[in-house]
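# Chain and residue survey
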Number of protein chains: 2
Amino acid sequence: MGDVVRERVEGKLRGAGHQATPQRMSVVGALCEEQHQSLDEIRARCPEVGLVTVYRTLDLLSELGLVRRMELGGRPRYEMAERHHHHLVCESCGLISEFEDCPLDQGVISRTSPEFRVTAHSLEVYGKCADCG
Amino acid sequence: MGDVVRERVEGKLRGAGHQATPQRMSVVGALCEEQHQSLDEIRARCPEVGLVTVYRTLDLLSELGLVRRMELGGRPRYEMAERHHHHLVCESCGLISEFEDCPLDQGVISRTSPEFRVTAHSLEVYGKCADCG
DNA sequence: TTACATGCAAATGGTTTGCAAACAT
DNA sequence: ATGTTTGCAAACCATTTGCATGTAA
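Presented here is an overview of the structure given in this document. Since the model is a prediction, treat every value here as computed from it, not as a measurement. (Residues numbered from 1 in each chain as written. Chains lettered and ligands numbered in written order. Predicted model: local features only at pLDDT ≥ 70, side-chain atom pairs only at ≥ 80, totals over all residues. Heavy atoms only, no water.)

Across the boundary between the two partners, chain A contributes 30 residues, which contact 30 residues of chain B. A combined buried area of about 2,600 Å² lies between chain A and chain B, and 62% of that area is made up of carbon and sulfur atoms. A per-residue breakdown of the area chain A buries against chain B is headed by Phe 116, Arg 117 and Lys 128 of chain A, which together make up 21% of the total. Linking chain A with chain B are zero salt bridges, by the criterion used here. The interface formed by chain A and chain B contains 12 residue pairs in polar contact (both at pLDDT 80 or more). Listed by contribution, the elements that provide at least two residues to the side of chain A that touches chain B are β3 (86-90), α5 (108-112) and β5 (117-128) of chain A. For the side of chain A that touches chain B, the element with the highest residue contribution is β5 of chain A, accounting for 12 residues. When grouped by side-chain class, the residues that make up the side of chain A that touches chain B number 16 nonpolar, seven polar and seven charged. Relative to strand β5 (residues 117-128) of chain B, β5 of chain A runs antiparallel, the two being bridged by 11 bridges. Within the sheet, the bridge partner assigned to Leu 123 of chain A lies in β5 of chain B and is Leu 123 of chain B. (Contact = heavy atoms within 4.5 Å. Buried area = accessible area lost by both parts, 1.4 Å probe. Salt bridge = Lys/Arg side-chain N within 4 Å of Asp/Glu carboxyl O. Polar contact = N/O pair within 3.5 Å; in protein donor to acceptor, adjacent residues only side chain to side chain. Helix = DSSP H or I, 4+ residues; strand = E, 2+ residues; numbered from the N terminus. Nonpolar A, V, L, I, M, F, W, Y, C, P; charged D, E, K, R; others polar. Pairing = 2+ DSSP bridges.)

Have a look at this one:
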């Protein structure tokens, strides 16, 4: 994992009164290896960390805004909340890809619901990928 | 529930070789009373239908494209897939509201990912509602 | 009379909690 | 010393499955 990410995570943890333990940093390392992983995929990347600790670490990092939890294709998935992006989910093979071109950048919501203060949003697009098309 | 909806549902069920049983129509009736309900809310509106039957009916109606299942504010919610819309979720009080002005109508995806054939999408917006603002 | 549908009880499986030991400050 | 973190085992709880009974074409 990049040193930039490590330092950002350690800083956020310490700043909130938590420790940057080896287990927690292992989970972060696992998350950095790939986007939108399931719990099993994460665990396979840090098998030395106990199941319960993985759950608690994901909760903690989510609270700190470092990790994003989402439900993609019916299963919970997690990823580092670095750059803003959305997901394309292939309904045939399950392949998940990303796109960064966010259609909400233009303030659509503030125009349609001005009384609602938007803090976040998630968008998932379903269909068929190039291979299954 | 409106007769239009009832007939559409009965037609779809029969057309796919299923029966429009009283239990199934009760669940449909419950779904018609309000949008994006949790399982408990649905059950409270048709307590005469067994838990398992409610689950199976929601599955069946989802397969037929009549019901939309989504994860809003961490919990599964269901609604009749009548008109296309998206949800605003208040992170303070949990209030869920809808907006119909879909920012994806303009073919954003086909421009950014032309090799992906889009069949559906879901968008959830999180923030603070007018009362919690 | 045959296939479909229901609903109870039991099984399942992902997630959370209790608690004692290990660790950090 | 004191509070935090870990991880096992057990608890929990939403959802699914097995199966016997009821119902429709």
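So, on to the side chain of His 121 of chain B. In this structure, His 121 of chain B sits in strand β5. A polar contact of 3.2 Å, which involves the side chain of His 121 of chain B, links it to the side chain of His 86 of chain B. The contacts of His 121 of chain B, once residues within four sequence positions are left out, are Leu 123, Glu 124, Val 125 and Tyr 126 of chain A together with His 84, His 86, Cys 102 and Leu 104 of chain B.

With that settled, consider the environment of Ala 120 of chain B. Inspection of the secondary structure puts Ala 120 of chain B in strand β5. For Ala 120 of chain B, a relative accessible area of 32% puts it in the partly exposed group. A sequence separation of 75 residues divides Ala 120 of chain B from Arg 45 of chain B, and the C-alpha atoms of the two residues are 29 Å apart. Apart from the residues within four sequence positions on either side, Ala 120 of chain B is in contact with Glu 124, Val 125 and Tyr 126 of chain A. (Buried < 20%, exposed > 50% of the residue type's maximum accessible area, 1.4 Å probe, protein only.)

Surrounding DNA strand D, one finds 16 residues, the nearest of these being Thr 21, Arg 24, Thr 53 and Arg 56 of chain A together with Tyr 55 of chain B. Counting only atoms of DNA strand D within 4 Å of the protein, the fraction found in sugar and phosphate groups is 68%. A distance of 3.3 Å is found between a sugar or linking oxygen of DNA strand D and a side-chain nitrogen or oxygen belonging to Gln 23 of chain A. One of the side-chain N or O atoms of Arg 24 of chain A is found 2.9 Å from a phosphate oxygen in DNA strand D. Among the elements of the structure, α2 (22-33) and α4 (51-63) of chain A together with α4 (51-63) of chain B are those that each provide at least two residues to the surface near DNA strand D. Of the residues belonging to the surface near DNA strand D, the class tally is six nonpolar, seven polar and three charged. (Near = heavy atom within 4 Å.)

Here we take up a nonpolar patch on the surface. Residues and elements named next belong to chain A. Among the surface-exposed residues, Leu 51, Val 52 and Tyr 55 lie close enough to one another that they form a single nonpolar patch of about 260 Å² accessible area. Relative to the elements of secondary structure, Val 52 occurs in helix α4. A residue is classified by how much of its surface remains accessible, and Val 52, at 45% relative accessible area, is partly exposed. (Patch = residues over 30% accessible without salt bridge, like charges linked within 9 Å, V, L, I, M, F, W, Y side chains within 5 Å. Areas by Shrake-Rupley, 256 points an atom, 1.4 Å probe, with all protein chains shown as cover.)

Expressed as a screw operation, the relation of chain A to chain B combines 0.0 Å of axial shift with a rotation of 180 degrees, fitting to an RMSD of 0.0 Å. In symmetry terms, the pair is related by a two-fold rotation axis. Nearest to the rotation axis, the C-alpha of Leu 123 of chain A is located 2.2 Å from it, this being the minimum over chain A. (Least-squares fit on C-alpha atoms with pLDDT ≥ 70 in both.)

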